[in-house]
Amino acid sequence: MGPLEYLKNRLDPEQFEKIKAIDNPELHEFLAKYIDLLNPAKVFVCTDSKEDEEYVRRKAIEYGEEKPLAMDGHTVHYDGYYDQARDKARTKILVPKGVEIPFVNTMDREEGLKEIHEIMRDIAKGKELFVCFFVLGPKNSIFTIPAVQLTDSAYVAHSEFILYRKGYEEFKRLGREAKFLKFVHSAGELDERKTSKNIDKRRIYIDLEGETVYSANTQYGGNTIGLKKLAFRLTIRRAVQEGWLSEHMFLMRVNGPNGRKTYFTGAYPSMCGKTSTAMISWENIVGDDLTFIVDMKGEARGANVEKGVFGIIQGVNQEDDPIIWEVLHSPNEIIFSNVLVKDGKPYWNDMGIPIPEEGENHSGKWWKGKKDAEGNEIPPSHKNARFTVSLEAFPNADLEALEAPCGVRIGGMIFGGRDADTWPPVREAFDWAHGVVTMGAALESETTAATLGKEGVRAFNPMAILDFLSVHIGDYLRNYLEFEKKLRIKPKIFAVNYFLRDKDGNWLNHKLDKAVWLKWMELRVHGDVDAIETPVGYIPKYEDLKRLFKEVLNKDYRREDYEKQFTIRVPEFLAKIERIEKIYRDVGNIPEELFKVLEKERERLLKAKEKYGDYISPFQLEKS
Ligand code: SPV
Ligand code: MN
């Protein structure tokens with residue numbers, strides 16, 4: 001029996017007709033194979049119609065995966081208590097026998113496929129399976145990558161409708177031409193709280209060769225929403241093979257003088273300020289997580305892979321995040337996940353207002369002081385609790401840029417780390433290679449609650465991409481360095497660090513200072529202000545920042561604060577070079593250019609140390 005015939009027998013006629021309308025035998029074969037394997041009680045095929053989307057929304061509630069909240073359009077979803085973050089250990093890239101890729105959790109392809117197919121056999125028994133079509137990037141554009149998602153979770157399908165552009169018509173239009181990505185997900189057996197029961201059989205296996213990702217026995221979005229971090233593994237590989245960039249970056253517009261619009265991308269490991277930067281209320285958000293960058297007539301053009309936000313909610317408060325606050329308190333379509341709910345209202349940690357001392361959260365019925373099985377006190381909401389909402393809900397979204405088929409020209413690229421003692425708040429690279437190597441490839445942060453495991457450990461995380469790398473880091477960096485050659489107009493590269501402290505551990509910056517750094521970077525992209533040359537790049541001049549602090553935040557910026565923040569900490573920088581260099585030497589297959597760039601930086605630092613000592617005030621450098 002051919003795949004189409006199988007589908008005809010297996011699906012309701014109405015659903016079958018939707019599949020038949022897409023002329024793509026590879027798709028038919030894929031659907032027949034996995035519908036047969038997962039063996040659901042019924043199948044629903046989503047077209048781009050409002051009715052089909054509404055059907056998914058309704059099912060999420062009917063099946064108990066989401067509950068309506070008091071405000072129109074708001075629902076809450078809970079993931080299992082032990083299923084609250086990306087499971088790095090059980091996310092594996094399937095590779096041919098004997099292949100090992102540094103930093104990448106790999107597994108023998110044949111073995112992995114065998115295991116996951118066994119786990120997934122009959123896994124959707126008794127459930128409804130949703131077949132959904134989406135595209136990554138704007139529709140019908142140079143960025144577009146079609147994708148099909150199978151999932152037995154209405155919550156996952158619902159999330160994707162909020163986060164991605166619909167793709168059924170694109171599949172129909174492309175027919176056999178569609179080079180699509182495939183996602184197969186099942187939450188597996190559910191417990192009475194409708195969360196995945198068989199966490200020990202949680203698996204996320206990424207088959208590069210088949211461009212297929214399997215996700216089983218988990219619900220947390222980072223593990224299940226195919227088009228997000230699962231697709232990202234596949235697009236990184238495509239980008240390296242095809243000579244463009246698929247990045248873990250926000251995309252935003254910074255508004256310069258006289259209405260000038262300058263677009264920036266920013267790569268920050270989770271919880272390093274990426275979302276809050278992209279959402280500064282007087283600038284304009286295009287995307288908060290994933291960006292495709294291609295060269296077009298010598299320009300670097302960027303587009304948001306997604307059209308919505310799966311954002312961290314902890315710490316969102318009215319004063320610092322007025323826009324998100326407003327979005328979350330308006331009748332938009334929003335899924336709150338793993339928050340505290342009381343009387344139909346969502347609450348989260350550090351929201352800046354008193355919150356109830358009991359209610360329901362990711363642990364079930366919750367009260368202040370409640371402890372989990374390990375004896376740890378359970379906070380009101382999970383640290384990695386999230387909100388899922390479309391960008392259309394944001395009053396400051398740049399929707400024109402979001403859907404621009406040619407994307408937007410990127411003026412600057414930012415790398416944001418998290419370190420207490422090395423990087424100044426903002427600095428600019430001397431050139432592309434200097435930025436790629438000493439800022440992007442040398443990015444470090446501390447581990448956070450976005451993944452399972454210990455928090456607060458210094459973590460090497462080049463381009464904030466380490467968790468998602470699917471190719472050798474050397475090939476990835478080579479592609480990055482080579483990309484410059486295609487560009488006639490090159491984006492400037494910057495590094496930021498919002499987490500610098502003094503010797504006593506006090507923060508040196510306020511949460512909103514980043515808004516000033518952005519304005520400075522915008523001016524630098526256009527050569528509007530001078531800067532001070534240091535051994536590690538260009539830093540702002542005090543006068544410029546003083547003016548910007550006043551203009552942007554209406555704050556008086558003190559000389560002594562500037563001096564503390566922008567003092568070049570030579571020993572710490574040298575130690576960082578040692579660390580980074582060693583990591584790359586041990587890895588092998590790294591472009592020689594990386595070591596040359598690091599060596600030059602070391603020489604500059606040593607020379608400056610001889611002249612000025614270990615800690616160099618920006619005023620000293622300015623004078624010279
Ligand atoms: C991140 O952790 O980088 C996120 C959320 O954007 S997740 O989808 O879990 O990756
Ligand atoms: Mn992310």
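Residues numbered from 1 in each chain as written. Chains lettered and ligands numbered in written order. Predicted model: local features only at pLDDT ≥ 70, side-chain atom pairs only at ≥ 80, totals over all residues. Heavy atoms only, no water.

The subject of this paragraph is the overall build of the protein chain. When you go through the protein chain residue by residue, the secondary structure sums to 20 helices and 33 strands. Rg of the C-alpha trace for the protein chain: 24 Å, near the compact-globule value of 25 Å for 624 residues, within the 12% margin. With the C-alpha coordinates aligned to their principal axes, the bounding extent of the protein chain is approximately 80 × 55 × 50 Å. By residue count, 63% of the 624 residues in the protein chain fall in the buried class. Across the protein chain, every contact between residues at least 6 apart in sequence was considered, and the portion connecting residues at least 24 apart equals 74%. When the accessible area of the protein chain is evaluated, it comes to approximately 24100 Å², of which 48% is carbon and sulfur surface. (Helix = DSSP H or I, 4+ residues; strand = E, 2+ residues; numbered from the N terminus. Rg over C-alpha atoms; globule rule 2.2 N^0.38 Å. Buried < 20%, exposed > 50% of the residue type's maximum accessible area, 1.4 Å probe, protein only. Contact = heavy atoms within 4.5 Å. Areas by Shrake-Rupley, 256 points an atom, 1.4 Å probe, with all protein chains shown as cover.)

Moving on, we come to the coordination of the manganese ion (ligand 2). All of the protein donors around the manganese ion (ligand 2) are K229 (NZ), H248 (NE2) and D289 (OD); their distances to the metal are 2.2 to 2.3 Å. Read in sequence order, the donor residues for the manganese ion (ligand 2) give the motif K-x18-H-x40-D. Remark: H248 occurs in the loop between β12 (245-247) and β13 (249-255) and K229 occurs in helix α9 (residues 226-242); sequence separation between them is 19 residues. Here the two residues K229 and H248 agree in accessibility, since each one is buried. (Donors = N, O, S within 2.8 Å, 3.2 Å for Na, K, Ca; no water.)

Once that is clear, we can look at the packing of aromatic side chains. This structure, assessed with the given rule, holds 35 aromatic pairs. Ring plane angle 70° and centroid distance 5.6 Å describe the contact between Y476 and Y480, whose orientation is recorded as edge-to-face. In this pair, Y476 and Y480 are both assigned in helix α14 (residues 473-483), four residues apart and thus about one turn of the helix distant. Take Y476: its relative accessible area is 2%, and that puts it in the buried class. Residue class for Y480 comes out buried when judged on its relative accessible area of 0%. Ring-pair connections join several aromatic residues into one group, and the members of that group are W517, Y542, F549, Y557, Y562, F566 and F619. Seen from the ring of F310, R386 lies directly overhead, with NZ or CZ sitting 4.9 Å from the centre. Cation over ring: R559 sits above Y542, and NZ or CZ is 5.8 Å from the ring centre. (Phe/Tyr/Trp six-rings, centres within 6.5 Å; stacked < 30°, edge-to-face > 60°. Lys NZ or Arg CZ within 6 Å of the ring centre and 35° of its normal.)

Attention now goes to the sheet that holds strand β3 (residues 74-77). Strands in a sheet are paired, the pairing made by backbone hydrogen bonds, and the direction either parallel or antiparallel. Pairing is mixed across the open sheet formed by five strands, whose spatial order is β2-β3-β19-β24-β18. Of all the strands in the sheet, just β2 (67-68) and β18 (308-312) have a single pairing partner and so form its edges. With two bridges joining them, β2 and β3 adopt antiparallel strand pairing. From the neighbouring strand, K67 faces β3, where its bridge partner is V76. (Pairing = 2+ DSSP bridges.)

For strand β14 (residues 261-267), the buried fraction is high: six of the seven residues fall into the buried class. Relative to β14, β13 runs antiparallel, the two sharing seven bridges. Among the inter-strand pairings, M252 is bridged to a residue of β14, identified as F264. Linkage of β13 to β14, two consecutive antiparallel strands, is achieved through a turn of five residues, within which N258 is found at a positive phi near 55°. Across five bridges, β14 lies against strand β25 (residues 408-417) in parallel orientation. Along β25, the bridge assignment pairs Y263 with I410.

The next thing to look at is the site of ligand 1. As a matter of local geometry, ligand 1 sits amid eleven residues, with R86, Y220, K229, S270 and R386 nearest to it. Take R86: an N or O atom from its side chain is 2.7 Å from an oxygen atom of ligand 1. A distance of 3.2 Å separates an oxygen atom of ligand 1 from a polar side-chain atom of S270. For ligand 1, the accessible surface in isolation is 280 Å², of which the surrounding protein chains cover 96%. Per-class residue counts for the shell around ligand 1 are three nonpolar, three polar and five charged. (Near = heavy atom within 4 Å. Polar contact = N/O pair within 3.5 Å; in protein donor to acceptor, adjacent residues only side chain to side chain. Nonpolar A, V, L, I, M, F, W, Y, C, P; charged D, E, K, R; others polar.)

It is worth spelling out the pairing of strand β9 (residues 181-186) at this point. When you tally the buried positions in β9, you get six out of six residues, the bulk of the element. Side chains L181, F183 and H185 project from β9 onto one buried face, and the interleaved K182, V184 and S186 project onto a second face that is buried too. Here strand β7 (residues 145-151) pairs with β9 via five bridges, running parallel. What sits directly across from Q149, in β9, is F183. By the bridge criterion, five bridges tie β9 to strand β11 (residues 212-216) in an arrangement that is parallel. Bridged to H185 within β11 is S215.

Let us now look at the pattern of salt bridges. Side chains carrying opposite charge are able to pair once their charged atoms draw close together. Taken as a whole and assessed by the stated rule, the structure comprises 61 salt bridges. When the shortest N-O distance is used, the salt bridge between D108 and K97 registers 3.3 Å. One end of the pair, D108, is in strand β5 (residues 106-108); the other, K97, is in the loop between β4 (91-95) and β5, with eleven residues separating them in the sequence. D108 gets classed as buried once you look at its relative accessible area, which sits at 15%. Accessibility expressed as a relative area gives 64% for K97, which makes it exposed. With a shortest N-O distance of 2.5 Å, D207 and R109 are connected by a salt bridge. You can see D207 sitting in strand β10 (residues 203-207) and its partner R109 sitting in helix α5 (residues 109-120), a full 98 residues away along the chain. Residues joined in a network through salt bridges with shared partners are E53, E54, R57, K166 and E333. (Salt bridge = Lys/Arg side-chain N within 4 Å of Asp/Glu carboxyl O.)

Below, the discussion takes up the packing of helix α4 (residues 50-62) against helix α6 (residues 154-163). Look at α4 against α6: their axes get within 8 Å of each other, and the N-to-C directions meet at 140°. Looking at the two axes, α4 sits oblique to α6. The two elements α4 and α6 meet at a crossing, and its hand is left-handed. Each of E53, V56, R57, K59 and A60 in α4 lies in contact with α6, whose residues at this interface are A154, Y155, A157, H158 and F161. (Axes fitted to C-alpha atoms, helices over the stretch in contact; angles between N-to-C directions. Parallel < 35°, antiparallel > 145°, perpendicular 65-115°, else oblique. Left-handed = near helix turned anticlockwise from the far one by under 90°.)

Here we take up the side chain of E65. Positionally, E65 belongs in the loop between α4 and β2. At 3.2 Å, the side chain of E65 forms a polar contact with the backbone nitrogen of Y155.

Our next topic: helix α3 (residues 25-38). Each α-helix winds once per 3.6 residues, and so residues spaced three or four apart point in a common direction. Between its first and last C-alpha atoms α3 spans 20 Å; for 14 residues at 1.5 Å apiece the expected length is 20 Å, and the two agree. Along α3, the positions that sit buried rather than exposed are L27, H28, F30, L31, A32, Y34, I35, L37 and L38. Sitting at the amino-terminal end of α3 is N24, which places a side-chain oxygen 3.0 Å from the backbone nitrogen of E26. Immediately downstream of α3, the backbone of N39 shows phi near 55°, a positive value. (Expected span 1.5 Å × (residues − 1).)

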